[in-house]
Amino acid sequence: MQTIDLTEVGLRETNKMLHAQAADTNQTVWEITNARGAHAIACGLDAPIEVTVKGSTGYYCGGMNQQATVNIDGSAGPGTGENIMSGKIVIEGDASQYLGATGHGGLIVVKGNASSRCGISMKGVNIVVQGNIGHMSAFMGQSGNLVVCGDAGDALGDSCYEARFFVRGTVKSLGADCEKKEMRPEHIEILTNLLKEAEIDADPADFTRYGSARNLYNFDVDNAAAY
Amino acid sequence: MTDAKIPTTTPRQSATFTADVNSDIRRAAATGIYDIRGGGAKRKVPSFDDLLFMGASISRYPLEGYREKCETNVTIGGLHAENPIELDIPITIAGMSFGALSGPAKEALGRGASAAGTSTTTGDGGMTPEERGHSNKLVYQYLPSRYGMNPDDLRKADAIEIVVGQGAKPGGGGMLLGQKISDRVAHMRNLPKGIDQRSACRHPDWTGPDDLEIKILELREITGWKVPIYVKVAGARPYFDTTLAIKAGADAVVLDGMQGGTAATQDVFIEHVGQPTLAIVRPAVQALQDLGMHRKVQLILSGGIRSGADVAKAMALGADAVAIGTAALIALGDNDPKYEAEYNELGTTAGAYDDWHEGRDPAGITTQDPELMKRFDPIEGGRRLKNYLKVMTLEAQTIARACGKNHLHNLEPEDLVALTMEAAAMARVPLAGTDWYPGKPGTGF
Ligand SMILES: Cc1cc2nc3c(=O)[nH]c(=O)nc-3n(C[C@H](O)[C@H](O)[C@H](O)COP(=O)(O)O)c2cc1C
């Protein structure tokens, strides 16, 4: 295992080392210590490596991730895993706003709670939150799955497209054009697999599915108030 | 007696309820939807046309055309980036979305810009292989929608432009109507075909100048501090926006006035929000100067730039370069009178056609219809754009030489006078025939 003391090595050199790892690197396990809430740690990775950040991180940790697994052994700041393409980000603590914003693929797991705008504009990413999520989550969500084992805040899935939301607890309110949906076998299957991948023990049968009512897909003046 | 006619008044049209206004009211009453269109503000606003160069005189001697050099090159992004952008001419191609424009139109922009030694820019919807392949220097737009955004394309870019706003719609998002969503556009944007695609007006993962600084840090880390990062803002509050962009760490500021084109937005937005291009240059330059960053952080001005005279005026007021959108489309063949009959069928006329969002462009440029697209030849289009860029450059050089300047960057406000009080106030150059402009320090006005 390679260990980097972030305070000593600095952000630029740390990310440079991680970016230098090729697909066939032998140095597949990395640990970053002394994170101290720094921004942009381990962003833009593109190799099958596993990076564990000890402590809490600032903005955009694991941003635009490809292939890599990033573990945050603490809480994560705003925009963690933004635009993730593939790979996995696991947050042991809580996640701040905009978790996984615009993510195109991959998996993000939060062991604690996630704040507002979780999964905003998601484009294929899967997000599994063990606790609760804040308001305006999955705003304009296009595709992918957002799984919430606790409760969801106000305006879940506002103006969403084809993203799916599975919530075990309560939803404070649904956003414009978001509605409760039937749980069909294929949804149970998706959820089962996601919970398994996230290593979270929960019964898929306890969840409710939400998604787009598709009433805002083409402009209609009678819906003007909802835009 | 009785046949004496009573004089009647001639029918008088209202200056308030003009034919245009009345047609807007009838359209709104019939449809219940605001008017969406492409292009920029059509109303007359104070512009570069209200400025004149004085040329040489006894106190200033001119340079000999074709003999004495007048350089035109510009370097953008040398402040923080390892690989700044080197351009032969200070006229760049503005970001225009794939989706709004066809693939061949994007290719033509790349061909023309590259042949003329300048850069082109992606737009909403992501990077296409056509434009990457045909553009020597390609600026990658990082937009609120993040449609098609991915780190592989990001790393292929020669510069990154974080789009905060557009002059045509400061504070507005975008809407690509369902009829223009082909399979390819839908796939790139990860959305179902045929539905309206709304582009958000705010970035999903940052708000405000402090966040912007961190966002710039992240983009630099991901691209290894190699490429310049521009910040594009609408001409709303140019002094503050330029100041905040510089403080956040931008290498260049792209400033877009209200005449600037858009692919599609509400007409009311285009005509009533934002400031004219003429009015935004000096406050932005002032911000650069106040921070000691003029010529270190580059200012790229856009919004209604049409000719070498506009280029020269923008540069004289302190811009480092300009960007063109609408003019480039016209050079490619948009709104050409040769399609007049077809424009008439669409209920419009050449020059006025602005329903680019409907995808029925007779010139085959702002469309995704395969049949219409075939009408447009990207090689010929590229050649036309190159010619046009060369002419603009020659025109700007002609003016600069007449003012005795051996580089376009040496043009200065002192070379200009204004034809109107408004233009004098906005450009902070004297009203023609006077040594005064409204707001001139020490004049008590
Ligand atoms: C068809 C079209 C599409 C555009 N798409 C974008 C876009 O995707 N992103 C953006 O920042 N600006 C976009 N713009 C605005 C241009 O980047 C630029 O600001 C504007 O065209 C400059 O003004 P001009 O058209 O008068 O030259 C678009 C403009 C046009 C005409």
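To be clear, the structure that these remarks concern was listed above.
Our subject in this report is the structure included herewith.

On to the overall build of chain B, then. Across its full length, chain B carries 15 helices and 16 strands. Relative to the compact-globule value of 22 Å for 445 residues, chain B shows a C-alpha radius of gyration of 23 Å, a close match. The principal-axis extent of the C-alpha atoms belonging to chain B is close to 90 × 65 × 45 Å. Looking at chain B as a whole, 57% of its 445 residues are labelled buried. When contacts within chain B are restricted to residue pairs at least 6 apart in sequence, long-range pairs at least 24 apart make up 66% of them. When the accessible surface of chain B is split by element, carbon and sulfur atoms take 54% of a total near 18700 Å². Charge-centre separation for chain B: the mean point of 48 positive side chains lies 1 Å from the mean point of 55 negative side chains.

Here we come to the site of the ligand. All names here are of chain B. In the vicinity of the ligand, 25 residues are found, and the nearest of them are Gly 95, Asp 256, Gly 304, Gly 325 and Thr 326. Relative to its unbound accessible surface of 600 Å², the ligand loses 97% to contact with the protein. Of the residues that constitute the shell around the ligand, the class distribution is 8 nonpolar, 14 polar and 3 charged.

Time to look at the pattern of salt bridges. Residue and element names in this part refer to chain B. Counted by the stated rule, this structure contains 37 salt bridges over all chains. In this structure, Arg 37 engages Asp 354 in a salt bridge whose closest nitrogen and oxygen atoms are separated by 4.0 Å. Note that Arg 37 is positioned in strand 1 (residues 36-37) and Asp 354 in the loop between helix 12 (340-345) and helix 13 (370-373), a separation of 317 residues in sequence. For the pair Arg 37 and Asp 354, one class covers both residues: buried. Through salt bridges with shared partners, a single network forms among Arg 37, Lys 42, Arg 43, Asp 267, Glu 271 and Asp 354.

Looking now at the environment of B:Ala113. Residue and element names in this part refer to chain B. For Ala 113, the position within the fold is in helix 2 (residues 103-115). When its relative accessible area of 0% is taken as the criterion, Ala 113 is described as buried. Between the C-alpha atoms of Ala 113 and Arg 383, which are 270 residues apart in sequence, the distance is 9.4 Å.

Residue and element names in this part refer to chain B. Most of strand 8 (residues 159-163) is tucked away, with 5 of its 5 residues classed as buried. Residues Ala 159, Glu 161 and Val 163 of strand 8 are buried on one face, and the alternating residues Ile 160 and Ile 162, pointing to the opposite face, are buried as well. Remark: the strand 7 (residues 138-142)/helix 4 (residues 151-156)/strand 8 crossover connection has right-handed handedness. Both strand 8 and strand 11 (residues 229-234) contribute to a ladder of 4 bridges, which runs parallel. Bridge assignment links Glu 161 to a residue of strand 11, and that residue is Tyr 230.

Moving on to the nonpolar core. The biggest cluster of nonpolar side chains holds 138 residues, and the ones touching the most others in it are A:Leu146, A:Phe165, B:Leu51 and B:Ile324. Residue contributions to this core peak at 7 residues, all from helix 14 (residues 378-402) of chain B. For B:Leu51, the contacting residues outside a window of four places in its chain are B:Leu278, B:Lys313, B:Leu317, B:Leu416, B:Val417, B:Ala418, B:Ala423, B:Ala427 and B:Val429. One finds A:Leu107, A:Val109, A:Phe166 and A:Leu194 within the second-largest nonpolar core, a separate group that totals 14 residues.

This paragraph deals with the packing of aromatic side chains. Residue and element names in this part refer to chain B. If you walk through the whole model with that rule in mind, you get 4 aromatic pairs over all chains. Both rings, one in Tyr 239 and one in Phe 240, keep their centres 5.5 Å apart while their planes meet at 90°; by these two values the pair is edge-to-face. Tyr 239 sits in the partly exposed class, given a relative accessible area of 29%. Phe 240 sits in the exposed class, given a relative accessible area of 54%. Between Tyr 343 and Tyr 353, the aromatic rings sit 5.3 Å apart at their centres with planes inclined by 40°, giving tilted as the arrangement. Placement of Tyr 343 in helix 12 and of Tyr 353 in the loop between helix 12 and helix 13 is noted, with a sequence separation of 10 residues between them. Of the two residues, Tyr 343 and Tyr 353, both sit in the buried class.

Residue and element names in this part refer to chain B. It is at 7 Å that the axes of helix 10 (residues 308-316) and helix 14 come closest, and there the two elements cross at 55°. Relative to helix 14, helix 10 is oriented oblique. Seen from above, helix 10 lies across helix 14 with right-handed handedness. For the pair helix 10 and helix 14, the contacting residues are Gly 308, Ala 309, Val 311 and Ala 312 in the first and Met 392, Glu 395, Ala 396 and Ile 399 in the second. Of the residues contributing to the contact of helix 10 with helix 14, the split by class is 6 nonpolar, 1 polar and 1 charged.

Moving on: the state of the cysteines. Between two cysteines, a covalent bond joining their sulfur atoms is known as a disulfide. Residue and element names in this part refer to chain A. Taken as a whole and judged by the stated rule, the model has 0 disulfides over all chains. Looking at Cys 149, it has no disulfide partner, and the nearest cysteine sulfur is the one in Cys 118, 12 Å off. You can see Cys 178 has no disulfide; the closest cysteine sulfur is in Cys 160, sitting 4.4 Å from it.

Before going further, it helps to spend a moment on the interface of chain A and chain B. The partner chain B presents 42 residues to the 36 residues of chain A that form the contact. Counting every contact that joins chain A to chain B gives 3 salt bridges. For the side of chain A that touches chain B, the element with the most residues is helix 2 (residues 11-19) of chain A, which contributes 4 residues. Split by residue class, the side of chain A that touches chain B holds 16 nonpolar, 14 polar and 6 charged.

Before going further, it helps to spend a moment on the sheet that holds strand 3 (residues 50-54) of chain A. The strands that make up a sheet pair up through hydrogen bonds in the backbone, lying either parallel or antiparallel. Residue and element names in this part refer to chain A. Pairing is mixed in the open sheet, where 11 strands are placed in the order 1-2-3-4-5-6-7-8-9-11-10. Two strands in the sheet have a free side with no partner beyond their single neighbour: strand 1 (2-5) and strand 10 (178-181). Each strand axis lies, on average, 15° off the axis of its neighbour in the sheet, ignoring direction. Sheet topology places strand 3 next to strand 4 (residues 69-73); 5 bridges connect them, and they run parallel. The partner of Lys 54 across the bridge, within strand 4, is Asp 73. Packed onto the sheet, helix 2 meets strand 1, strand 2 (29-33) and strand 3 and runs at close to 170° relative to strand 2. Against the sheet, helix 3 (residues 185-197) touches strand 5 (88-91), strand 6 (107-110), strand 7 (123-129), strand 8 (143-148), strand 9 (164-167) and strand 11 (208-212), its axis set at about 65° to strand 8.

Parameters at a glance
Residues numbered from 1 in each chain as written. Chains lettered and ligands numbered in written order. Predicted model: local features only at pLDDT ≥ 70, side-chain atom pairs only at ≥ 80, totals over all residues. Heavy atoms only, no water. Helix = DSSP H or I, 4+ residues; strand = E, 2+ residues; numbered from the N terminus. Rg over C-alpha atoms; globule rule 2.2 N^0.38 Å. Buried < 20%, exposed > 50% of the residue type's maximum accessible area, 1.4 Å probe, protein only. Contact = heavy atoms within 4.5 Å. Areas by Shrake-Rupley, 256 points an atom, 1.4 Å probe, with all protein chains shown as cover. Lys, Arg positive; Asp, Glu negative; His and termini not counted. Charge placed at Lys NZ, Arg CZ, Asp CG, Glu CD. Near = heavy atom within 4 Å. Nonpolar A, V, L, I, M, F, W, Y, C, P; charged D, E, K, R; others polar. Salt bridge = Lys/Arg side-chain N within 4 Å of Asp/Glu carboxyl O. Right-handed = clockwise from strand over helix to strand, strands pointing away. Pairing = 2+ DSSP bridges. Core = buried A, V, L, I, M, F, W, Y, C linked by side-chain atoms within 4.5 Å. Phe/Tyr/Trp six-rings, centres within 6.5 Å; stacked < 30°, edge-to-face > 60°. Axes fitted to C-alpha atoms, helices over the stretch in contact; angles between N-to-C directions. Parallel < 35°, antiparallel > 145°, perpendicular 65-115°, else oblique. Left-handed = near helix turned anticlockwise from the far one by under 90°. Disulfide = S-S within 2.5 Å.

Distances and angles like these do not, on their own, reveal function.
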